[in-house]
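# Structure assessment
Chain by chain, the residues run as shown.
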Amino acid sequence: MTDLTSCSATTLARLIREGRASSEEIVRAHLDHIDAINPTINAVVVVMADSALADARRLDEQQRRGNTAGPLHGVPVTIKDAIETAGVVTTGGTLGRAEYVPDRDATVVTRLRNAGAVVIGKTNLPELSLAGEADNLVYGRTVNPYNHDRVTGGSSGGEGAAIAAGMSPLGMGSDVGGSVRLPSHFCGIAGIKATSGLVPSTGHYPSADGILARLWQIGPMARYVEDLVLSLPVIAGPDGIDPAAFPVSLRDPAAVNISSLRVAYHTEIPEAPVTPETAKAVRGAAQALADAGATVEETHPACLDNIWDRTNAFYSADGGDQIRRALERAGTAEAHQLTKETIESQAHYAESVADLAETLVWVDQFRRDMLAFLGDYDAILCPGHSHPAMEHGRSNDDEYYRGYLYTMAYNLTGWPGTIVRAGTAPEGLPIGVQLTAAPWREDISLALAAQVETTLGGWQPPPL
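Here we summarise the structure given alongside this text. Because the structure is a prediction, the values reported are computed rather than measured. (Residues numbered from 1 in each chain as written. Predicted model: local features only at pLDDT ≥ 70, side-chain atom pairs only at ≥ 80, totals over all residues. Heavy atoms only, no water.)

### Let's talk about the environment of S445
With respect to the element layout, S445 can be found in helix α15 (residues 442–456). The buried category is assigned to S445, whose relative accessible area is 0%. Residues S445 and Q434, 11 residues apart in the sequence, show an inter-C-alpha distance of 8.8 Å. When near neighbours in sequence (up to four residues on either side) are disregarded, S445 contacts P416, G417, T418, L435 and A437. Within polar-contact distance, the side chain of S445 engages the side chain of T418 at 2.7 Å. Among the polar contacts listed, one links the side chain of S445 to the backbone oxygen of L435, at a separation of 2.7 Å. (Helix = DSSP H or I, 4+ residues; strand = E, 2+ residues; numbered from the N terminus. Buried < 20%, exposed > 50% of the residue type's maximum accessible area, 1.4 Å probe, protein only. Contact = heavy atoms within 4.5 Å. Polar contact = N/O pair within 3.5 Å; in protein donor to acceptor, adjacent residues only side chain to side chain.)

Next comes the structure, spelled out in structure tokens:
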């Protein structure tokens, strides 16, 4: 891996700004790395070499004239294939859209371009972003850079693999139950799901509408926490289209005094037992925060103890009908096996209107209970998942599927959550921890994640 393809986006932006490297040079380095590595990993499913190089040359000329587009001037980025890109195929991982080309960019893509980013490719995902591993009938399977027999997580699994392997310094994923944070955990990188409503979902496919609208969030993924800090302000804020996006000012993680923070941590949810190494990683992160001066206590919200069925009922109340309709609207005649398994699983939790009403009441009470717990703390530290990356095709197995509770529960709250690598499994796979904070306190979540990264090392290069 060359130096340029292991640098942070923040460092690359500075090199360009200081005239020590050109955008074209940096973009070429990443495109060459994609050529060399991607055939094995299959993370980048559309390579936008011609347009990327043209954009890089334009930005270099702009730089020579003394003009900078923004904080990401000249920096290459990748985009999950659920997020629309004008003139570039966006399949959502389903056969019915295998040749669908949108005529406009998603809001976050527009904002990235306006900040000077160069889009170099689209990354793989499960069909309709609805599984725990990046595999579909359009592009096939993405493999984990640390072990090709293991998954990259879902649904932003292509992003996780591409970034971990140095094919991109920064990318955009999306998260409704863990789809930014799980690939970050499985691939050993950093990723944030911001507070529900911070980032507009306009241009995401499937559209973030209906009962899950207040859970969906597009979010950045990178090897380094500093790049989440750099890019989140670029994509945040309402766009006048997404009714679930709110005008809230971001706070600066650099202004957070960690020694003043109170952090609760737990190594396990009873319904989702963790591996010993996962618990060890959480305790190591807790110690890192304590050593930095934070007040750290091992405890957890009691309302997390019995949430499996209720959480699944909320996510699956229609029994899979919405997925079936999405496939029909896309013109998909054959769904991927993982999609079929998801529909089958959701059918088990189908609810009547009256039962759904009760589930919605439970969700609001869960949020109240969680907020009440957080009244005594500034953040909660917990696993990113109960296990490191599992074997392909097993993400829906009960022992692994229950591990999604660690992210799904915090989607229900709407709180911001950052994943950062904090440990390594015996087989060499990354283990991430999740740091959540109160609504609109991305600054606390990111500051704590940065401290864990500094102390425990964060991302480590895979054995490419």
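### Re the sheet that holds strand β7 (residues 190–193)
If you trace the 11 strands from one edge of the open sheet to the other, you get β1-β3-β2-β6-β8-β7-β12-β13-β11-β9-β10, paired in mixed fashion. Single-partner strands in this sheet number two, and they are β1 (44–47) and β10 (295–298). Recorded for the sheet is a direction-independent mean angle of 30° between the axes of neighbouring strands. Two strands pair when backbone bridges link them, and strand β2 (residues 76–80) and strand β3 (residues 118–123) are joined in this way by 5 bridges, in the parallel orientation. Looking at the pairing, I79 lines up with K122 of β3. (Pairing = 2+ DSSP bridges. Axes fitted to C-alpha atoms, helices over the stretch in contact; angles between N-to-C directions.)

### Quick look at the side chain of T5
With respect to the helices and strands, the residue T5 is situated in the segment before α1 (9–17). Residue T5 is classed as buried on the basis of its relative accessible area, which comes to 0%. Every residue in contact with T5, bar those within four places of it in the chain, is listed here: A29, H30, H33, G166 and R223.

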